[in-house]
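What the coordinates show
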Amino acid sequence: MKLWGCCASDSGRVSRASRGKNDGNWSCDFEMDGDKGEAKGKVGDQVMQNPQALAALQDRLDNMPHGPSILENLPKAVKRRVNALKNLQVKSAHIEAKFYEEVHELERKYAALYQPLFDKRKGIVCGVVEPTDEECEWQSDHEEEELSEEMKSKATMEEKKEGDVAEENPSGIPEFWLTIFRSVDMLSDMLQEHDEPILKHLQDIKVIFSAPSEPMSFTLEFHFEPNSFFNNTVLTKKYKMKSEPDAEDPFSFEGPEIIDCEGCEIDWKKGKDVTVKTIKKKQKHKGRGTVRTVTKQVPNDSFFNFFNPIKVSSDGELDEDSEFTLATDFEIGHFFRERIVPRAVLYFTGEALEDDESFEEEELDEGEEEDGEEEGDEDDDEDGESDTKGGDPQPAECKQQ
């Protein structure tokens, strides 16, 4: 089942559906002249305001027969040559697949170089390693240079006053990973209040790549200190990938893609399983009319359901909800691998979040600017008349998802 593409060399690409060139979208621009065009435009407005009419129009557009392709109109000799080009394209796709396999090997090689740094990060976070004064020096862009001596003195006095209440030197960096979970929208959506005491014991997250002799995959390892919730010290989530063109649709190949994921069993201590909750129900006997109370366990929302993913069947068939859930799972796994683990400290401080938000705002501003230009064009077409009551403008284009 092809749901999500994860190119090792492109941290920004997760979903093929997010790429414009193959998403099946199309747009049509209408240009009309004179009264006839104005009349048609008003009809178009009425259609756009009526969901039923719009749905009917969409259905008709979906079922319209497509015109003959370019290939059908070509001379036979030219068709043969085009077929030869398509065969070359298939061979190119297979070479591209080999390229991505080597990229995966290169990524695995460099993961070994990063690991000592990540191990030291874990030591500092957990309080096992105390960095030297030299390692702790960080020249901020503004703070150190702009603070006057008077401000520094005042800050020192405030710190002394608060010293009686706050702990002066806590071990490591408390709640490092939990803070990241709270800050990142994709993770905070999964986080429940009853998960937080458990995640306070999370010491590290690692990405482990498959060995050269194994099928392409990566595994997320969540390392926990001993705690009162479960006996595991490591929880794992494995994402299986493939990097080869589909035999039936080789031209759709765009790089490695996640095809399945596999969780692990959590050895919960008695009464500590946050993925289930106990409810009580009253049952009435039909004949005797007596009432009894029964207790049963039902699924409960929790981040730790992440380790019990939906299984992909052999035929790859899933209902719409399950497909969406699995696709979201793939996206989260990719985000851990490409963003959270390599840049954890920047998500802890919020600097990575600011970068992400700035990028999204730039895209939004660009879209808003385009909308403004379209609305300005429409106002010009209507001889400067504008609907101050928020009426529906004439659509400049129609799009099919």
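Computed from a predicted model, the values in this text were never measured in an experiment. (Residues numbered from 1 in each chain as written. Predicted model: local features only at pLDDT ≥ 70, side-chain atom pairs only at ≥ 80, totals over all residues. Heavy atoms only, no water.)

Focus on the overall build of the chain
Threshold: Put simply, DSSP marks the helices as runs of H or I at least four residues long and the strands as runs of E at least two long, and each gets a number from the N terminus on. For this analysis, residues touch if any pair of their heavy atoms sits within 4.5 Å. With residues, only the protein chains shown are counted as cover, and all accessible areas are computed by Shrake-Rupley using a 1.4 Å probe.
When its secondary structure is counted, the chain shows twelve helices and nine strands. In the chain, the proportion of contacts linking residues at least 24 apart, taken out of those at least 6 apart, comes to 62%. Carbon together with sulfur atoms contributes 49% to the accessible area of the chain, which is approximately 28,000 Å² in total.

Topic: a negative patch on the surface
Keep this limit in mind: Patches were defined on residues exceeding 30% relative accessible area and lacking a salt bridge, with like-charge contacts within 9 Å and nonpolar side-chain contacts (Val, Leu, Ile, Met, Phe, Trp, Tyr) within 5 Å. By salt bridge we mean one thing: a side-chain nitrogen of Lys or Arg within 4 Å of a carboxyl oxygen of Asp or Glu. Asp and Glu count as negative and Lys and Arg as positive, but His and the ends of the chain are not part of the count. Think of each charge as sitting on NZ of Lys, CZ of Arg, CG of Asp or CD of Glu.
A contiguous patch of negative charge, built from Glu-317, Asp-319, Glu-320, Asp-321 and Glu-323, is present on the exposed surface. By the element assignment, Asp-321 lies in helix H10 (residues 320–340).

Details of the pattern of salt bridges
Pairing is possible between side chains of opposite charge, provided their charged atoms come close. The following threshold applies: Categorising residues by exposure relies on relative accessible area from a 1.4 Å probe, with only protein chains included: less than 20% of the type maximum marks a residue as buried, more than 50% marks it as exposed, and the intermediate range marks it as partly exposed.
In total, this model carries eleven salt bridges according to the counting rule given. A salt bridge links Glu-101 to Lys-98; the shortest N-O distance between them is 3.8 Å. Of this pair, Glu-101 and Lys-98 both sit in helix H3 (residues 76–126), three residues apart, which is roughly one turn of the helix. Residue Glu-101 is classed as partly exposed on the basis of its relative accessible area, which comes to 32%. You can call Lys-98 exposed: its relative accessible area is 51%. Taken together, the shared-partner salt bridges in this structure form one network comprising Glu-175, Arg-182, Glu-196 and Lys-200.

What to know about a nonpolar patch on the surface
On the surface, a cluster of nonpolar side chains totalling about 550 Å² of accessible area is made up of Leu-106, Tyr-110, Leu-113, Tyr-114 and Leu-117. Structurally, Leu-117 can be placed in helix H3.

Description of the side chain of Lys-237
Going by this rule: Here a polar contact means two N or O atoms within 3.5 Å. Within protein one must be a hydrogen donor candidate and the other an acceptor candidate, and residues neighboring in sequence count only if both atoms are side-chain atoms.
Within the secondary structure layout, Lys-237 lies in strand S5 (residues 234–242). A polar contact is formed between the side chain of Lys-237 and the backbone oxygen of Phe-306, at a distance of 2.6 Å.

Some details on the pairing of strand S7 (residues 276–284)
Defined as follows: Any two strands between which DSSP finds at least two bridges are classified as paired.
As defined by bridge partners, S7 adjoins strand S8 (residues 291–299) across nine bridges and the pair is classed as antiparallel. In the strand pairing of S8, Lys-281 is matched with Val-294. Hairpin connection, S7 to S8: the antiparallel pair is bridged by six residues, and Gly-289 has positive phi, about 80°.

Digging into the confidence of the model for the chain
We count it as follows: The quantity known as pLDDT measures the predictor's confidence residue by residue, on a range of 0 to 100.
For the chain, the mean per-residue pLDDT works out to 75, and 63% of the residues sit at or above 70. Least confident of the elements in the chain is strand S2 (residues 26–29), whose mean pLDDT is 36; most confident is helix H9 (residues 196–199), at 97. This model gives residues 1–34 a pLDDT under 50, and the stretch forms 88 contacts once residues within four places in sequence are excluded. Counted against residues more than four places away or in other chains, residues 372–401, with its pLDDT under 50, gives 36 contacts.

What about the pairing of strand S4 (residues 217–224)?
Of all eight residues in S4, seven are buried, a share of seventy percent or more. Examined bridge by bridge, strand S3 (residues 202–209) and S4 share seven bridges and lie antiparallel to one another. Across the sheet, residue Val-207 finds its bridge partner in S4, namely Leu-220.

Let's talk about the environment of Pro-226
Along the polypeptide, Pro-226 turns up in the loop between S4 and S5. C-alpha separation for the pair Pro-226 and His-201, spaced 25 residues apart in sequence, amounts to 7.6 Å.

Here we look at the nonpolar core
Within soluble globular proteins, side chains that are nonpolar generally end up buried alongside one another. Rules: Put simply, buried Ala, Val, Leu, Ile, Met, Phe, Trp, Tyr and Cys residues joined by side-chain atoms within 4.5 Å make one nonpolar core.
The biggest cluster of nonpolar side chains holds 48 residues, and the ones touching the most others in it are Phe-181, Phe-222, Phe-304, Phe-306 and Phe-336. Of all the elements, H10 adds the most residues to this core, at six residues.

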